[in-house]
Amino acid sequence: MTTFATEFGAHFQLHFVAHMLRDQDFLARVCGDISEASFADEYLARIVRAILTFQGTHGGPPGSCLYQEIQDMRQKGMVEEEVASRVTLYLDKLLSLPLDNRQYLLARFQEFSRYSKIEANLQGFIEAAKGRDFKTANDLMNSMMRTPGVTDLGTQYTPDTTERVLRRYEEDSKRLWTLIPEIDQYIDGLRAGELGVMQSRLSSDGKTAAMVLLSRNFLFQGKKVLILVLEGSVAGMEDRLDMCIGAVHRNELIEEDTEASNRLHNGLNRMFAGGGQIWIKKFSAYKTTVSEMRDYAKQLEASTGFVPDVLVCDYLDLCSPETPSLRGDLYAAGRETYMRFLEWLEELGVPGWTVMQSGRGAADEKQADQKHTGGSITKVQLATVVISINRSDEDRKMSRISLFVVKNRDGQSRYEIPIPCDFATMRFWVPNVYTAQQSDQGVPDTQVAT
C-alpha cells in the first residue's frame, strides 16, 4: 500500500511539516488526513503528533511554542534527554525553512490523499456492490472521491482591514521584479501564479535576450530559476547567460586570464552570492506539452530537491497542446497551453515569464499590440503583463529598444518605455551611462539577438 513516507521524499516531508508548524490555514486543510503514523522518521513523527495535539487544544499551529512544550515534557520525564535534543534540532530546521510552494505542497498531498482513500476503500466498494448493498457502496464511493482538507467556503469581506494589509505586505515582499528600472517604476513585480509575456514585433527583436536578462536578474534576487528551452539549446542558453552576466562578447567566452574572463567570473560570483540557482532543460518544440514539462519538474525535485521560485519559458507557443485534436486550431491550442501553464504556476505558487511572436501584420507597424498577437488572443487575456519589444532602424543604430506596455492588469498600460541595450553582449538592458557613451560614439549593435 502506498504511504506518505514512500510517496514523498525527505525534502518534501520537511517542508510539509514546516507549513503544519507555522501556517494555520495549511494545517486546517491537512490535519484530517495526516497523522504521526504517516512519517517514518521518528522525530518528525513526534513533532507532527505535538502539532496535532496543540491544534486540538488551541485551534492553531504551535510555531515556536513547541520549544516550550518539549522543555516541559523533558522536565516531567516524558521524553528522554537525547530525544528532546534531537527534536529541538529538527524544530530549528523547520522554523528556519521559508514557507514557499504552499499550493504545490497542498496539491500533491490532496492527490496522494485521494488515491490513498480509493486504495483503502476500493475492495470494500467492490464487495458491497457484489452483495447489492448499494447504500454502503455509495457511502464508500463518496468517501473515496471526497476532496481532502477543509471545504473552501470563500472569504467574507469585512470592515477590518488588518488581515488584508498583512496579506498585501507579504505579497509585496515576495514580488519578483525585473530589475529593469524603466519597467519596475511603472509595473509592479509579479506575484505567485501571475504570468508576464514579452511580445516580439519581429523575430530578431530580442525575445531570448529578454528571457536571459530576466533569468540573470531573478538569480541575483536569490531565486531558484527553472529555464524551459523550446527554441535553441541548453549550450546556447548557457553561452547567452555568460555573455549577459559578464558583459562579454561571444568570441571572448573561450578566453582565460583576460579582462573579459575576469569580468565574467566576478559577475558570476556576484550573481550567485544571494543563494539563487538556475536549472536549464531543453524540450522538443511542437512535441512537448506543459504537463510533460511539469512532470519533468517533479522528477527534478525528487532527484535533487530543486523547487523553482520562477519559471522562465523560451517559449510557450512552441509547446504542443494537451488535446491532440487542437493541433490545427491555433486559438484553442494557445488558450489550452497558457491555461495549463497558469495552473502549473498556481500549483507551485510562483510567477512565470515567457515570450511570444507577433503575427506578420506587426511588421508594418511601429509597435506590436494586442491585435498582432500570433495564434490566440486569449494569451493576452490570460497574462498579467504583456510588453511588446519593438526596434526601428533608428533604435538599432542607437542601441535602444522601445517597449510598449500592451497590458498591465494591476496598473496603467498603453504607453511606451525606451530602454538602452547591448545585444553584442546579450544584454537586453544596460545602464544609461553605458549607452550614452555608445551613442556618442555612434556604435551600432554588432549582433542581433533572437
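In this text, all values refer to a predicted model and were calculated from it rather than measured experimentally.

**Quick look at the overall build of the protein chain**
Here's step 1: Each helix and strand counted, the protein chain has 18 helices and eight strands in total.
Here's step 2: With respect to the principal axes defined by its C-alpha atoms, the protein chain has extents near 80 × 55 × 50 Å.
Here's step 3: Scored against the burial criterion, the 450 residues of the protein chain give a buried share of 47%.
Here's step 4: For the protein chain, long-range pairs separated by at least 24 residues make up 70% of all intrachain contacts whose partners lie at least 6 apart in sequence.
Here's step 5: Carbon and sulfur atoms make up 51% of the accessible area of the protein chain, which totals about 22,000 Å².
Here's step 6: Considering the protein chain, the positive charge centre built from 51 side chains and the negative charge centre built from 62 side chains are found 4 Å apart.

**A word on the layout of surface pockets**
Here's step 1: When its volume is computed, the second largest pocket comes out at roughly 380 Å³.
Here's step 2: Along its surface, the second largest pocket is lined by 19 residues, and Tyr286, Asp317, Cys319, Leu330 and Ala333 are the ones closest to its centre.
Here's step 3: With four residues, helix H15 (residues 330-348) is the largest single contributor of residues to the lining of the second largest pocket.
Here's step 4: Class assignment of the residues belonging to the lining of the second largest pocket gives a composition of eight nonpolar, eight polar and three charged.

**Remarks on the packing of aromatic side chains**
Here's step 1: Within the structure shown, the criterion is met by 19 aromatic pairs.
Here's step 2: Counting every residue linked through ring pairs, the aromatic cluster contains Phe4, Phe8, Phe12, Phe16, Phe26, Phe39, Tyr104, Phe109 and Phe112.
Here's step 3: Across from the ring centre of Phe283, 5.8 Å away, lies the NZ or CZ of Lys281, which sits over that ring.

**Focus: the packing of helix H5 (residues 65-75) against helix H6 (residues 81-96)**
Here's step 1: Contact geometry of H5 with H6 gives a least axis separation of 10 Å together with a crossing angle of 180°. As the angle between them shows, H5 and H6 are arranged roughly antiparallel. Facing H5, whose interface residues are Leu66, Tyr67, Ile70 and Arg74, H6 presents Glu81, Ala84, Ser85, Val87, Thr88, Leu91, Asp92 and Leu95.

**Topic: the environment of Val48**
Here's step 1: Mapping Val48 onto the fold places it in helix H4 (residues 42-58).
Here's step 2: Spatially, the C-alpha atom of Val48 lies 54 Å from that of His372, the residues being 324 residues apart in sequence.
Here's step 3: Sequence-distant contacts of Val48, defined by excluding residues within four places in its chain, comprise Val17, Met20, Ser35, Glu36 and Phe39.

**Observations concerning the pattern of salt bridges**
Here's step 1: What the rule picks out here adds up to 23 salt bridges.
Here's step 2: Between Arg340 and Glu322 there is a salt bridge; the shortest N-O distance is 3.6 Å. Within this pair, whereas Arg340 is found in helix H15, its partner Glu322 is found in the loop between strand E4 (310-314) and H15, the two being separated by 18 residues in sequence.
Here's step 3: Judged by its relative accessible area of 23%, Glu322 falls in the partly exposed class.
Here's step 4: Here the residues in one salt-bridge network are Arg167, Glu171, Arg191, Glu194 and Asp410, joined through shared partners.

**Describing the side chain of Gln357**
Here's step 1: Looking at the secondary structure, you find Gln357 in strand E5 (residues 352-357).
Here's step 2: A distance of 3.4 Å separates a polar atom in the side chain of Gln357 from the backbone oxygen of Ser200.
Here's step 3: Of note is the side chain of Gln357, whose polar atom sits 3.2 Å from the side chain of Lys207.
Here's step 4: The contact partners of Gln357, leaving out residues within four places of it in the chain, are Ser200, Arg201, Leu202, Ser203, Lys207, Tyr315, Asp317 and Gly374.

**Regarding helix H11 (residues 207-220)**
Here's step 1: With 14 residues, H11 should cover 20 Å at 1.5 Å per step; its first-to-last C-alpha distance of 20 Å lies within 8% of that length.
Here's step 2: Judged by how many residues are buried, H11 sits mostly within the fold: 13 of 14 residues are covered.
Here's step 3: The positive-phi residue at the C-terminal boundary of H11 is Gly222, with phi of around 80°.

**Considerations on the packing of H11 against helix H12 (residues 234-246)**
Packed helices, taken two at a time, are described by the angle their axes make and the gap between the axes.
Here's step 1: The geometry of H11 relative to H12 is characterised by a closest axis approach of 10 Å and an angle of 65° between their N-to-C directions. When the axes of H11 and H12 are compared, the crossing they make is right-handed. In this structure, H11 uses Thr208, Val212, Leu213, Ser215 and Arg216 to contact H12, whose residues at the interface are Met237, Arg240, Leu241, Cys244 and Ile245.
Here's step 2: Its residues assigned to classes, the contact of H11 with H12 shows six nonpolar, two polar and two charged.

About the thresholds
Residues numbered from 1 in each chain as written. Predicted model: local features only at pLDDT ≥ 70, side-chain atom pairs only at ≥ 80, totals over all residues. Heavy atoms only, no water. Helix = DSSP H or I, 4+ residues; strand = E, 2+ residues; numbered from the N terminus. Buried < 20%, exposed > 50% of the residue type's maximum accessible area, 1.4 Å probe, protein only. Contact = heavy atoms within 4.5 Å. Areas by Shrake-Rupley, 256 points an atom, 1.4 Å probe, with all protein chains shown as cover. Lys, Arg positive; Asp, Glu negative; His and termini not counted. Charge placed at Lys NZ, Arg CZ, Asp CG, Glu CD. 1 Å grid on protein atoms, 1.4 Å probe; cavity = no way out; pocket = protein on both sides within 12 Å on 5 of 7 lines; lining within 4 Å. Points joined across faces, edges and corners; volume = space filled by probe spheres on them. Nonpolar A, V, L, I, M, F, W, Y, C, P; charged D, E, K, R; others polar. Phe/Tyr/Trp six-rings, centres within 6.5 Å; stacked < 30°, edge-to-face > 60°. Lys NZ or Arg CZ within 6 Å of the ring centre and 35° of its normal. Axes fitted to C-alpha atoms, helices over the stretch in contact; angles between N-to-C directions. Parallel < 35°, antiparallel > 145°, perpendicular 65-115°, else oblique. Salt bridge = Lys/Arg side-chain N within 4 Å of Asp/Glu carboxyl O. Polar contact = N/O pair within 3.5 Å; in protein donor to acceptor, adjacent residues only side chain to side chain. Expected span 1.5 Å × (residues − 1). Left-handed = near helix turned anticlockwise from the far one by under 90°.

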